Amino acid sequence: MEASLIATTRNADLRPLATGGQVATEVWQQIAGHLRQSLSPAHAALLAEPQPAPDRGLTDWYSSAQGPALVLEEMAEPAREAARNALSRLVQDVNGEIAKLRASRRDADKLLAELLALALITPSADSVRVIGGQPVLVAWGHAAVNAAPAPELLLGQLSRPPGTLGSGNMEIVGPPPAEPPRQPWAAIGALLLALLLLLLALLLLWRDPFGWFHAPPQQCVVAPGDLELAERLRAEQEREGRLRQEILQEMQRLAARRLACPPVVRAPEPPRPAVPAPVPAPATPPAAPPPQPPNQDAERAREEGARTGRIQVILAWDDVNDLDLSILCPAGQARIYFGQTTACGGTLDVDRNAGGAPTPRPVENIVFSQDPPPGTYTIVVTHYATHAGGPRVSPWRVTLRREGRPEQRFSGQVATGQSVTVTTFTVP
């Protein structure tokens, strides 16, 4: 389904949020794909697709939902209340998924949990759009340049149950009915009952057979120094926002001064004497490109039983750590990795150091026997776990083989719990 433009924001007004060296909006495909697989397409549609345009200083936000994009707070009742309820359900489910990922033993899951938490942070109260009943967040994963991240802005848009304080529903009641006069014997009976209850309470306090009056465990109290540090942190964040704003203003003033300068007019050059045209040399055929050296990683994959096909992607590294190779299918619909070895026509057929005795010459292989569906595919390397004797940062090599095209080789390094994007390739 084709996505439609629903909002545009200025990059100078917003500050992207990141964790573990990863900006939240840059992994929108992975986040949306996880929400789609783990929850539902409606949860994935909660986050609008960011399309940054650095040359214009803007970011466009797209959504595949059909219909006009309405600001939640500008909608009329009861449609606004229904949209709030839908937003509350979606955010509650995403928070549940965040808690589940944080409890995982995988570093990659913990990183994804923090990225999901950043995705639920919006810079202003008008960041919620409603398209055909589907809530959609724009400018998610951002904070205003002159303010600290404020998760409470989104929480303020969630549904409020009727009858709560501030809802405007007040009930006028009359005075309570007059009590009938009490009889003297009733007062005496009430006094005796009160004395009996007092004696029973003293007995329980003295013996405490049920442990009701034991002192509660010591509660955790925030130290005054911690509060002072938190205040100092917030003050420094506010000062950073003001400095960013001042830098932006100075850049705008400099641009205005440059535009005000008159253009430099160059004096015309004197005419040059005519020079006879040189006699072209006989054409020589272009030299053939030098042959590539043998690919030792491809030979290592063949020894592990890797298959070849129309497209082959090989990951190799030289330590005992557990690295993972994955390919994101077009539009983030699916992912080929150790948890889903077959998707969009490709198969992960070699996965070393995932279990058993690790080898210092590991390799992983994903192969497409036939041409996969058209679209853009993204190759990602993830440092899943550090084994005993392995370094914290592992250098890696990736080979991309496409039938009828020259072989491409890439290299880099990845730290524990980190994911890096290697490259993309497009199938027409």
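Just so it is clear, the structure is predicted and the values come from calculations on it, not from any experiment.

Novice: So what's going on with the nonpolar core? Which residues, and what values?
Specialist: Burial of nonpolar side chains together is a common tendency in soluble globular proteins. Core analysis: the biggest nonpolar cluster contains 43 residues, and Ile-6, Ile-31, Leu-47, Trp-61 and Trp-140 have the highest contact counts within it. Breaking this core down by element, the ones donating at least two residues are β1 (4-10), α1 (28-38), α3 (79-102), α4 (107-119), β8 (128-131) and β9 (134-137). Setting aside chain neighbours within four positions, we find Leu-47 in contact with Trp-28, Ile-31, Leu-35, Ala-119, Leu-137 and Trp-140. Residues Ala-343, Leu-348, Ile-379 and Val-427 belong to the second largest nonpolar core, which totals 25 residues.

Novice: Go over the sheet that holds strand β16 (residues 363-368), please, and point to the residues and values.
Specialist: In space, the six strands of this open sheet follow the order β14-β15-β16-β11-β18-β19, with antiparallel pairing throughout. Looking along the sheet, the strands with just one partner apiece sit at the ends: β14 (342-343) and β19 (408-415). Alignment of strand β15 (residues 346-351) against β16, held across four bridges, turns out to be antiparallel. Opposite Asp-351, over in β16, you have Glu-364 as the bridge partner. Sheet strands in contact with helix α8 (residues 296-303) are β11 (311-317), β16 and β18 (393-402), and its direction is about 100 degrees off that of β11.

Novice: Account for the packing of aromatic side chains, with residues named and values stated.
Specialist: Counting across every chain of the model gives five aromatic pairs. Seen in terms of ring centroids, Trp-61 and Trp-140 are 6.2 Å apart; in terms of plane orientation they differ by 65 degrees. Their pairing is edge-to-face. Taken together, the positions of Trp-61 in strand β6 (residues 58-63) and Trp-140 in the loop between β9 and β10 (142-144) put the pair 79 residues apart, joining distant regions of the chain. Here Trp-61 matches Trp-140 in class, with each residue buried. Put simply, the rings of Tyr-337, Phe-338 and Tyr-384 pair up and form one aromatic cluster.

Novice: Account for the state of the cysteines, naming residues and giving values.
Specialist: According to the stated counting rule, one finds one disulfide in the structure shown. Linked covalently through their sulfurs, Cys-329 and Cys-344 form a disulfide whose S-S length is 2.0 Å. On the S-S bond that ties Cys-329 to Cys-344, the torsion sits near -65 degrees, and the link is left-handed. Note that Cys-329 is positioned in the loop between β12 (322-328) and β13 (335-336) and Cys-344 in the loop between β14 and β15, a separation of 15 residues in sequence. Its relative accessible area of 3% is what places Cys-329 among the buried residues. For Cys-344, a relative accessible area of 22% puts it in the partly exposed group.

Novice: Give me the sheet that holds strand β7 (residues 69-71): which residues, what numbers.
Specialist: Strand order in the open sheet formed by three strands is β7-β8-β9, with antiparallel pairing between adjacent strands. Either end of the sheet is taken by a strand with one partner, and the two such strands are β7 and β9. When strand polarity is set aside, the average angle formed by the axes of neighbouring strands in this sheet is 40 degrees. Relative to β9, β8 runs antiparallel, the two sharing four bridges. When the sheet's bridge partners are listed, Ile-131 is paired in β9 with Gln-134. The strands that α3 touches are β8 and β9; relative to β9, the one it contacts most, it runs at about 65 degrees.

Thresholds, definitions, all that
Residues numbered from 1 in each chain as written. Predicted model: local features only at pLDDT ≥ 70, side-chain atom pairs only at ≥ 80, totals over all residues. Heavy atoms only, no water. Core = buried A, V, L, I, M, F, W, Y, C linked by side-chain atoms within 4.5 Å. Buried < 20%, exposed > 50% of the residue type's maximum accessible area, 1.4 Å probe, protein only. Helix = DSSP H or I, 4+ residues; strand = E, 2+ residues; numbered from the N terminus. Contact = heavy atoms within 4.5 Å. Pairing = 2+ DSSP bridges. Axes fitted to C-alpha atoms, helices over the stretch in contact; angles between N-to-C directions. Phe/Tyr/Trp six-rings, centres within 6.5 Å; stacked < 30°, edge-to-face > 60°. Disulfide = S-S within 2.5 Å.

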